Amino acid sequence: MTPCTVTTGFFTLGKCGVMAVAGCPACGRPLCASHITESGLCPECAAARNQVGHPAAAAAYRRRAHRHRTAAQYQDAGWYAGFDSYDRAAFDPGAGAQQDYLDDGNDALVDS
Amino acid sequence: MADGHRAAYLAFDRFPSSKGSAVHIRHMAAELFDRYDGGLLCVLGGGGLPAYQREGNVEIVRFDAVVPNLLDRAEAFSAWAAEQLAPHRDSLELCHVRDPWGALPALDTGARLVYEANGLPSIELPYAWPLAAPTTLGKIRELERHCLTEAAAVVVPSYVIRRAVIDRGAAPDSVHLVPNGADPAPAGVPRPEAAPGRYLIYVGALQPWQGVDVLLRAFARLADLTDLSLVVCSSVSANRARPLRRLAERLEIADRVRWHHMLPHAQVAAWLTHAELSVAPLTATPRNLEQGCSPIKVWESMAAGTAVVASDLPVIREVLGDLGRLVPPDRPAELARAIRVMLEYPDACRDLGRRARRHIEDGFTWHHARNRLAAVYETVAGH
């Protein structure tokens, strides 16, 4: 496994270490799924080009817009079944049963 | 598209892929698009699949945003799908979905909804995500209830799932049974070059509920049959097989187990056809007992004319009936004994395979499944 070498941490810094899925086209360092920026660069190279932003930012923007649109009625499922950060934490990449699954796009919810 | 699509199929699944779900999507979506003269297919991309394709009157759009958290990804997919459907709001008549995240944006369009329930995320998710809290699963269950209640028709592949969706609020008369199917393997399909002399075969994914570990333990009890190999045709990548490969090493059977990963569907048929037996060792877990399934591996083994040894579960009995050998689930010794007995009587085995194949040809090919689905569309459109 090639670990992601993006520096993480606020006070105590370290390397991310999650399995890399791509390399930064500019500096070549290995990157995990959560450290690829929208432009495909590592966060540092992206920042150097003034392209800051989390990779999930565009999706999060769309999600917010969708919730806003679908929350017009009291009955809307998008409104009343909203998941909070506690719900979401259990589905972070590191929280899966099998870490080996990480590189495999464990997207499918169900399988016949 | 000047006039907009009349039908859409949404799935939070990568398509195409080598999993059983992709085979299912292929046939169900084909029926929908045949009926409505094209349509919009919204699925997951990644893995080098193009984000956009146009095939005749069918448009395929794939969601390929990198969103690490699964729940975030599911919701982002919902929002993205809503954007894809928006230009077709005025013309959409029917949306066919497989999960709540496809159903929510589809409901928003006002088109009639056909919800194909092959599985329920509130039951399956905890296997891959054990930290998911009961309250979170409760919210997902609530989403399922909302979507199933609002659907004009719910399509299920087995009676066990039928019970589960009615339990979640679907009106009993809106639930239609459309069993999975399989197309009989063509006669004279050549033996795969890499095939060992005599082999048992397992085809499918490697989640814990599939019971591949039970099969490995059973196979270890057949060590005296030195000419017998076990072929595992996994629909997922080699990485996911690592724990099972380690188990095979511990059981000292690693040299007799052949692993093939993500083989194209056509090649799997050849492997199935030339196997002595096909094994479906599903375990007695809530996923199989409460939610239910309709395992494509069993359908395809029957279609290949290969005798099946499978766990004695209601979902298997529904498919296999008396056309295979049933053994208690999660019992390696019982499974090994059943395999041994079947191998002792090759004529009976072949006869079982032939009868199973005829059963499929007579009523359970994908053509039959598509006709049953067409009848559901007819009912929905007629209302």
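Calculation rules
Residues numbered from 1 in each chain as written. Chains lettered and ligands numbered in written order. Predicted model: local features only at pLDDT ≥ 70, side-chain atom pairs only at ≥ 80, totals over all residues. Heavy atoms only, no water. Contact = heavy atoms within 4.5 Å. Buried area = accessible area lost by both parts, 1.4 Å probe. Salt bridge = Lys/Arg side-chain N within 4 Å of Asp/Glu carboxyl O. Polar contact = N/O pair within 3.5 Å; in protein donor to acceptor, adjacent residues only side chain to side chain. Helix = DSSP H or I, 4+ residues; strand = E, 2+ residues; numbered from the N terminus. Nonpolar A, V, L, I, M, F, W, Y, C, P; charged D, E, K, R; others polar. Buried < 20%, exposed > 50% of the residue type's maximum accessible area, 1.4 Å probe, protein only. UniProt positions renumbered as here; feature names shortened; annotations may be inferred.

Under the annotation held in an unreviewed UniProt entry, chain B carries the name Glycosyltransferase and is attributed to Actinoplanes ianthinogenes.

Caption draft 1: Here's a closer look at the interface of chain B and chain A. Listed as interface residues are 65 residues of chain B and, on the opposing side, 41 residues of chain A. When the two sides are added together, the surface that chain B and chain A hide from each other amounts to roughly 4800 Å², 56% of it contributed by carbon and sulfur. Our enumeration of links across chain B and chain A arrives at four salt bridges. Among the ionic pairs, aspartate 72 of chain B bridges to arginine 88 of chain A, the shortest N-O distance being 2.6 Å. Counting every contact that joins chain B to chain A gives seven residue pairs in polar contact (both at pLDDT 80 or more). Residue assignment for the side of chain B that touches chain A shows that the elements contributing at least two residues are strand S1 (7-14), helix H1 (20-35), helix H2 (70-85), helix H3 (100-109), helix H4 (121-128), helix H5 (134-150) and helix H8 (242-250) of chain B. Sorting elements by how many residues they give to the side of chain B that touches chain A places H2 of chain B first, with eleven residues. Residue composition of the side of chain B that touches chain A, by class: 33 nonpolar, 14 polar and 18 charged.

Caption draft 2: Representation of the pattern of salt bridges in the model. Residues and elements named next belong to chain B. One pass over the full model with this rule turns up 23 salt bridges over all chains. A salt bridge links arginine 370 to glutamate 31, with the nearest nitrogen and oxygen atoms 2.8 Å apart. Of this pair, arginine 370 sits in helix H15 (residues 366-382) while glutamate 31 sits in helix H1, and the two are 339 residues apart along the sequence. Of the two residues examined, arginine 370 and glutamate 31, each falls in the buried class. With its nearest N and O atoms 2.9 Å apart, the salt bridge here joins arginine 35 to glutamate 378. Here glutamate 378 lies in helix H15 and arginine 35 lies in helix H1, a separation of 343 residues in the sequence.

Caption draft 3: View of the UniProt feature "domain: Glycosyltransferase subfamily 4-like N-terminal" (unreviewed entry) in chain B. Sites flagged by UniProt as "domain: Glycosyltransferase subfamily 4-like N-terminal" (unreviewed entry) map to residues 20-184 of chain B. Helix makes up 46% of residues 20-184 of chain B and strand 19%. Its end C-alpha atoms lie 16 Å apart.

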